[in-house]
Amino acid sequence: IALEATQTGVWEFNRETQEVIWTDSMKQLLGVAPDEYADTFKTLLNRVHPEDLPAVKEALAEPTADGDTIQIEYRFETGDGTYIWLEVRAELLVDDTGGERLVGIATDISDRKERTAEIELQSAAMEVAMDGIAILDGDEYVYMNEAHADIFDATPEELIGQTWQDLYGDAEIDRLEAEVFPELAETGSWRGETTGQKLDGTPVQQDLGLSILDTGELICTNRDITAQKQREAELQQQRTRIRALFDNSPDSIVIHDAE
């Protein structure tokens with residue numbers, strides 16, 4: 001009666017009979033109407049997701065003395081046949097006759113699990129991204145994927161904890177602080193070209209994107225465009241040479257189209 005009077009999602013599990021007593025709030029959480037408390041819901045284990053069942057059985061058997069506690073997360077089948085994630089905390093109570101009951105509280109953590117899965121998916125995507133991705137807290141790198149570190153001929157472990165100034169020369173630091181960061185502070189984002197330097201001091205030209213996150217951290221994406229800029233410089237040099245040949249040729253030169 002005391003359990004049914006609470007609205008905290010309390011449940012009681014009898015180790016000997018394997019039967020569970022739910023409060024009305026617990027039944028609501030699991031999608032079971034108070035007047036539709038089917039026998040299938042009175043037994044805990046037959047509603048646990050098959051993949052989680054071994055861990056649940058192990059957890060239920062863990063407490064051995066009065067007052068021992070457990071905490072476990074698992075998927076539970078609700079009244080409509082779908083699964084929700086439960087976080088369960090329970091304490092073993094042993095009565096005078098030696099009867100053992102686990103009394104606990106269950107919380108629906110499905111939303112938290114979904115957010116965690118999304119974060120893990122995003123993290124995995126960031127790790128395999130072709131472009132470099134880094135996150136800075138203030139001036140300090142707190143995250144960096146392999147692609148970002150590769151641009152500087154380094155590993156993420158070498159650069160996390162360092163500041164962005166460690167990867168730029170004095171002149172470029174001055175330019176970024178004078179031109180880029182004021183615009184970034186005003187608009188929340190910036191995109192352009194910068195010249196960093198590898199750990200051995202070799203310059204590396206980058207296509208760089210900066211964006212301020214809601215948390216105040218700075219996310220930085222970069223791509224090595226050193227080879228591209230070298231090709232552009234070589235092409236421009238060739239054009240300059242050809243133009244000089246045209247301008248200084250003693251021969252008459254005419255360019256025309258098909259018409």
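To start, this report covers the structure provided alongside it. Computed from a predicted model, the values in this text were never measured in an experiment. (Residues numbered from 1 in each chain as written. Predicted model: local features only at pLDDT ≥ 70, side-chain atom pairs only at ≥ 80, totals over all residues. Heavy atoms only, no water.)

**Brief notes about empty space enclosed by the protein**
Which entries qualify depends on this criterion: In this analysis a 1.4 Å probe is tested at points of a 1 Å grid over the protein atoms alone, and where it fits but cannot get out there is a cavity; an open set with protein on both sides within 12 Å along at least five of seven lines is a pocket; lining residues have an atom within 4 Å of a point. Grid points are joined across faces, edges and corners, and a volume is the space filled by probe spheres set on the points. Each helix corresponds to a stretch of at least 4 residues labelled H or I by DSSP, and each strand to a stretch of at least 2 residues labelled E; elements are numbered beginning at the N terminus. Under the scheme applied, nonpolar residues are Ala, Val, Leu, Ile, Met, Phe, Trp, Tyr, Cys and Pro; charged residues are Asp, Glu, Lys and Arg; polar residues are all the others, including Gly.
Throughout the structure, instances matching the rule amount to two cavities of 30 Å³ or more. Estimated volume of the largest cavity: approximately 120 Å³. Taken together, L136, Y141, H148, W164, Y168, L176, F181, Q206, L208, L210, L218 and C220 form the lining of the largest cavity. Those elements giving two or more residues to the lining of the largest cavity turn out to be α8 (170-187), β9 (203-212) and β10 (218-224). Looking at which element gives the most residues to the lining of the largest cavity, the answer is β9, with three residues. Counted by class, the lining of the largest cavity contains 10 nonpolar, two polar and no charged residues.

**Looking at the pattern of salt bridges**
As a reminder of what qualifies: By convention in these notes, a salt bridge is any Lys or Arg side-chain nitrogen within 4 Å of a carboxyl oxygen on Asp or Glu. The buried label goes to any residue with under 20% of its type's maximum accessible area, the exposed label to any with over 50%, and the partly exposed label to all in between, with areas taken from a 1.4 Å probe on protein chains only.
Summed over the entire model, instances satisfying the criterion amount to 16 salt bridges. E100 is paired through a salt bridge with R15; the nearest N and O atoms lie 2.8 Å apart. One end of the pair, E100, is in strand β5 (residues 100-108); the other, R15, is in the loop between β1 (10-14) and β2 (20-22), with 85 residues separating them in the sequence. We classify E100 as partly exposed; its relative accessible area is 28%. For R15, a relative accessible area of 19% translates into the label buried. The network of salt bridges with common partners includes E73, E87, R89, R112 and K113.

**Here's the deal with a nonpolar patch on the surface**
To keep things clear, this is the line we draw: Residues enter a patch when their relative accessible area is above 30% and they make no salt bridge; the linking distance is 9 Å between like charges and 5 Å between nonpolar side chains (Val, Leu, Ile, Met, Phe, Trp, Tyr). The Shrake-Rupley method, run with a 1.4 Å probe sphere, supplies the accessible areas, and residue values consider only the shown protein chains as cover.
A contiguous nonpolar surface patch, about 520 Å² in accessible area, is contributed by I242, L245, F246, I253 and I255. For I255, a relative accessible area of 71% corresponds to the exposed category.

**Quick look at the packing of aromatic side chains**
Each aromatic ring pair is summarised here by two numbers: the centre-to-centre distance and the angle between the ring planes. Keep this limit in mind: Geometry of aromatic contacts follows a simple scheme: Phe, Tyr and Trp rings, the Trp one being its six-membered ring, pair when their centres are within 6.5 Å, and the pair is stacked under 30 degrees between planes, edge-to-face over 60, tilted otherwise. Sitting over a ring, as applied to charges here, requires NZ of Lys or CZ of Arg to be within 6 Å of the ring centre and within 35 degrees of the ring normal.
Scanning the entire structure with this criterion turns up two aromatic pairs. For the ring pair W164 and Y168, a centre distance of 5.7 Å and an interplane angle of 70 degrees mean the geometry is edge-to-face. Given a relative accessible area of 7%, W164 falls into the buried group. Relative to F181, the ring of W164 has its centre 5.3 Å away and its plane inclined at 40 degrees; by these criteria the two rings are tilted. Of this pair, W164 sits in the loop between α7 (156-159) and α8 while F181 is found in helix α8, placing the two residues 17 residues apart along the sequence. Judged by relative accessible area, F181 falls into the partly exposed class, the value being 26%. Grouped by ring-pair contacts, the aromatic residues W164, Y168 and F181 constitute a single cluster. Here the guanidinium or amino end of K113 rests over the ring plane of W85, the centre of that ring lying 4.4 Å away.

**Concerning the environment of T226**
What counts here: Here a residue-residue contact requires only that any non-hydrogen atoms of the pair lie within 4.5 Å. Polar contacts, as used here, are pairs of N or O atoms within 3.5 Å; protein pairs need one atom able to donate a hydrogen and one able to accept it. Residues neighboring in sequence count only if both atoms are side-chain atoms.
On the secondary structure map, T226 appears in helix α9 (residues 226-248). Counting along the chain gives 31 residues from T226 to T195, while the straight-line C-alpha distance between them is 9.0 Å. In contact with T226, not counting residues within four places along its chain, are V204 and Q205. There is a polar contact of 2.7 Å between the side chain of T226 and the side chain of D224.

**Some words on the sheet that holds strand β7 (residues 140-144)**
Whenever strands of a sheet pair, they do so through backbone hydrogen bonds, lying parallel or antiparallel. Defined as follows: Only strands joined by at least two bridges in the DSSP assignment are considered to pair. Structural elements are reduced to axes, namely lines fitted to C-alpha atoms, with helices fitted over the stretch in contact, and the angle between N-to-C directions of any two is expressed from 0 to 180 degrees.
The strand order β7-β6-β10-β9-β8 describes an open sheet built from five strands, whose pairing is antiparallel. Each edge of the sheet is formed by a strand with only one pairing partner; in this case those strands are β7 and β8 (189-197). With direction set aside, neighbouring strand axes in the sheet form an average angle of 30 degrees. Across nine bridges, β8 lies against β9 in antiparallel orientation. Its bridge partner being in β9, E193 is matched across the sheet by D207. Packed on one face of the sheet, α8 meets β8, β9 and β10 and runs near 165 degrees to β8.

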